[in-house]
Amino acid sequence: MIAAFGHAAVLVALGLAIYGATVAARAAASADPAWLASARRTAVAQLLLVTGAALALEVLLVTGDFSVRYVAEVSNSRSPLRYRVAGLWGALEGSILLWEWLQALFVVLVARRAAGLRRELAGYALAVLFAVSGVFLVLIGIVANPFQRLPVPATEGRGLNPLLEVTDMLVHPLLLYTGYVGFVVPYAFAIAALLAGRLDGTWLTVTRRWTVTAWLFLTSGIVYGGWWSYRTLGWGGYWAWDPVENASFMPWLMGTAFVHSVMVQERRPMLKIWNLTLVTLTFALTIFGTFLTRSGVIASVHAFASGAVGPFLLGYLALILLGSLGLLAWRWDRLGDRAELDALLSRESVFLLNNLLLVAFCFTVFFGTLFPLLAEAVTGVKLSVGTPYFNWVTTPIALVIIVMMGVGPLVPWRRGSWRHLGRLLRLPAFLALLGSLAAWWLGGLRPDLVVLGYTLPFFAAAAVLVEFGRAARGRRRATGENPLTAFGRALRQNRRRYGGLIVHLGVVLVAIGVATSSVGKVEREATVNRGESLDIGAYRLRFEGLRAAEQPTHLLVTADVEVFEGGRRVTTLQPGQRLYPGSPSPFATVDIRFGPLKDLYLILGAFDREGRWVTLKAQIHPLIAWIWLGGGVVVLGGLLAAWPSRRRSLSATLVTEPMTVAASGERSR
């Protein structure tokens with residue numbers, strides 16, 4: 001009964017999506033407000049139906065109705081409640097249902113404020129949003145039905161993939177999916193602008209905070225995914241250039257380029273075609289990532305099963321690209337830029353170069369991800385593109401981007417002076433050199449790591465901090481406020497600018513953490529008997545014994561390892577292995593001693609069942625904590641940039657902020 005209700009709700013919601021797209025398109029062409037009101041009511045009804053379907057599947061998962069195929073595949077009566085709840089997005093069909101629920105939610109949020117927008121933009125944007133919703137409802141209702149019943153009910157379910165039986169499963173997918181789905185809003189308004197012929201940039205202002213919010217969620221999902229990988233998978237890393245990792249990184253790169261590029265068009269009538277192309281490619285890459293994950297074309301710890309979903313998504317991706325680029329070609333004559341670059345040295349030029357670098361970065365990742373699939377299709381031979389390729393081709397681009405983060409904020413709009421820029425760069429360059437020499441002297445680091453991994457990031461960080469100091473001093477001279485108050489109020493006055501600079505500061509912290517932890521990692525593996533020790537760096541690790549504990553779904557074996565530093569006991573680590581019935585290999589449970597300067601990372605390899613000996617793999621990761629710290633700073637800066645002013649709510653600002661406000665905010669830079 002519950003499964004039948006869930007499936008029926010999806011099919012009715014599909015009908016509403018078709019109806020909603022129709023009336024929304026009619027609203028764009030008619031001055032009668034009844035059409036738009038009907039579209040708003042349809043959006044609410046669709047969300048209620050999709051919510052009912054999602055709740056129905058959750059009930060089936062929690063209660064363990066193993067007559068439903070999806071429940072039998074991802075749930076288990078012995079699994080803790082939190083993992084049964086996470087089963088909603090733990091496999092292919094349920095994850096698409098979660099995606100559609102988020103899509104339906106975004107349709108409602110846009111529909112609620114549609115009356116405050118230009119009729120054509122609101123109508124066509126809602127029509128696009130309903131159409132996208134309809135695509136995923138077809139997937140759920142026909143192609144990949146999560147409510148499909150088994151011919152013979154299973155007596156017990158298989159449960160989640162053991163790698164997903166962690167609390168992070170309740171956070172990471174939700175962040176990532178919200179970021180993916182969030183980019184549909186700027187895409188919908190871009191298509192609406194093309195359909196309506198409203199190409200003056202209003203659609204950019206309307207969607208600015210939608211774009212930043214989607215970017216924030218995607219950023220948080222990627223950073224949290226690295227944190228999950230580092231603590232859970234047991235290989236000591238946080239990023240492996242896995243195809244599905246790349247699938248989330250590519251829309252982030254393209255979305256980052258778009259976030260920067262819109263600032264130019266908001267200020268001057270430039271880059272119209274470029275911005276429409278960027279937002280289209282960003283949305284298309286979210287669908288491409290969905291295709292990679294759910295088509296079965298790649299083998300990954302992140303990937304779901306294959307089936308008819310892959311060809312369906314590939315066709316949908318082709319439709320997005322052909323339809324969007326066709327509309328772009330149709331409006332090409334009206335999109336000609338009316339402004340040109342006034343000088344090579346200008347903020348516009350810096351943003352354009354930044355865009356080109358980010359797009360080049362995205363292309364190299366795309367090529368490395370797709371090349372093995374294309375090579376196998378043509379030659380029949382399986383090839384792999386590993387970490388060395390990605391590191392070799394992306395590192396130079398990343399270093400230039402870091403330099404641009406330091407130089408860009410100091411360059412004025414329209415035309416700058418090389419001499420004046422040189423004076424502004426002296427202090428950041430001096431501070432960067434001083435910091436690099438200190439790092440080399442105190443850390444005994446290799447010269448190449450100091451130059452590339454410290455000097456350039458230190459320069460970008462120093463430029464940001466000097467700019468903060470200049471803003472605080474200027475306000476202090478004008479108001480007489482104390483330095484902290486002056487700095488805080490300067491941030492509030494121009495949140496978008498200084499929020500972006502805080503994001504740059506976070507990226508610098510991430511870059512330093514990545515460079516240091518990659519080059520300075522120390523690793524040692526040894527088999528030790530009970531009471532014996534393993535030395536690594538300044539640590540001595542003594543194996544004290546082995547224990548086993550029965551968990552609801554597996555047997556957990558852990559080793560007690562006393563950790564000494566400088567002859568003093570500092571902690572006890574308990575790395576382990578999870579042994580699942582029917583699984584040919586165990587799953588690691590690592591233990592880590594976290595620190596601001598270095599992490600001690602411990603993995604349990606082989607072990608004697610009597611507890612007489614174990615094989616331990618120990619690693620020291622210097623400054624890896626700076627990656628997570630930097631990720632937090634990036635999110636903080638993004639929140640500051642997207643935060644609404646005190647006098648207006650976020651939702652109102654998202655859809656009613658006039659272009660003049662955005663332009664005036666830019667003039668204050």
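Residues numbered from 1 in each chain as written. Predicted model: local features only at pLDDT ≥ 70, side-chain atom pairs only at ≥ 80, totals over all residues. Heavy atoms only, no water.

Caption draft 1: Representation of empty space enclosed by the protein within the structure. Taken as a whole and assessed by the stated rule, the structure comprises two cavities of 30 Å³ or more. Estimates place the volume of the largest cavity at around 50 Å³. Taken together, Ala190, Ile191, Leu194, Leu276, Thr280, Ser324, Leu325 and Leu328 make up the full set of residues lining the largest cavity. Contributing elements (two or more residues each) for the lining of the largest cavity: helix 8 (184-196), helix 11 (272-294) and helix 12 (309-330). There is about 30 Å³ of room inside the second largest cavity. Taken together, Trp99, Gln103, Val132, Phe136, Tyr180, Val181, Val184, Phe283 and Ile287 make up the full set of residues lining the second largest cavity. Looking at the lining of the second largest cavity, the elements that each hand over two or more residues are helix 5 (92-112), helix 6 (119-143), helix 7 (172-182) and helix 11. Class assignment of the residues belonging to the lining of the second largest cavity gives a composition of eight nonpolar, one polar and no charged. (1 Å grid on protein atoms, 1.4 Å probe; cavity = no way out; pocket = protein on both sides within 12 Å on 5 of 7 lines; lining within 4 Å. Points joined across faces, edges and corners; volume = space filled by probe spheres on them. Helix = DSSP H or I, 4+ residues; strand = E, 2+ residues; numbered from the N terminus. Nonpolar A, V, L, I, M, F, W, Y, C, P; charged D, E, K, R; others polar.)

Caption draft 2: Just the pairing of strand 4 (residues 555-565), in detail. Burial runs high along strand 4: nine of the eleven residues are buried. Joining the antiparallel neighbours strand 3 (residues 539-550) and strand 4 is a turn of four residues. Note that strand 4 and strand 6 (residues 576-579) share four bridges and pair antiparallel. Across the sheet, Leu556 pairs through a bridge with Arg578, a residue of strand 6. Here strand 4 pairs with strand 5 (residues 568-573) via five bridges, running antiparallel. By the bridge assignment, Val563 is partnered in strand 5 with Thr571. Here strand 4 hands over to strand 5 after two residues, with Gly566 in that stretch at a positive phi of 65°. (Buried < 20%, exposed > 50% of the residue type's maximum accessible area, 1.4 Å probe, protein only. Pairing = 2+ DSSP bridges.)

Caption draft 3: Quick peek at unusual backbone geometry. Backbone geometry places Trp241, a non-glycine residue, at a positive phi of 55°. For Trp241, the position within the fold is in the loop between helix 9 (202-232) and helix 10 (243-267). One non-glycine residue with positive phi stands out, namely Leu623, at about 55°. Its place among the elements puts Leu623 in the loop between strand 10 (613-622) and helix 19 (625-642).

Caption draft 4: The environment of Phe66, seen in detail. The topology assignment puts Phe66 in the loop between helix 2 (33-63) and helix 3 (69-74). Given the relative accessible area of 8%, Phe66 is considered buried. In the structure, Phe66 is positioned 308 residues away from Leu374 in sequence and 39 Å away in space, judged by C-alpha atoms. When sequence neighbours within four positions are dropped, the list of residues in contact with Phe66 reads Val71, Ala72, Ser75, Asn76, Ser77, Leu150, Pro153, Ala154, Thr155, Glu156 and Gly157. (Contact = heavy atoms within 4.5 Å.)

Caption draft 5: Here's a closer look at the environment of Val519. Considering the arrangement of structural elements, one finds Val519 in helix 18 (residues 495-519). Taking the C-alpha atoms as reference, Val519 lies 9.0 Å from Pro622; in sequence the two are 103 residues apart.

Caption draft 6: Region of interest: the sheet that holds strand 1 (residues 522-529). Pairing within the open sheet is antiparallel, and its four strands lie in the order 1-10-9-8. Of all the strands in the sheet, just strand 1 and strand 8 (591-593) have a single pairing partner and so form its edges. In this sheet, adjacent strand axes meet at a mean angle of 20° when their direction is disregarded. In terms of strand pairing, strand 8 meets strand 9 (residues 598-607) through three bridges, oriented antiparallel. Following the sheet pairing, Arg593 is matched in strand 9 by Leu600. (Axes fitted to C-alpha atoms, helices over the stretch in contact; angles between N-to-C directions.)

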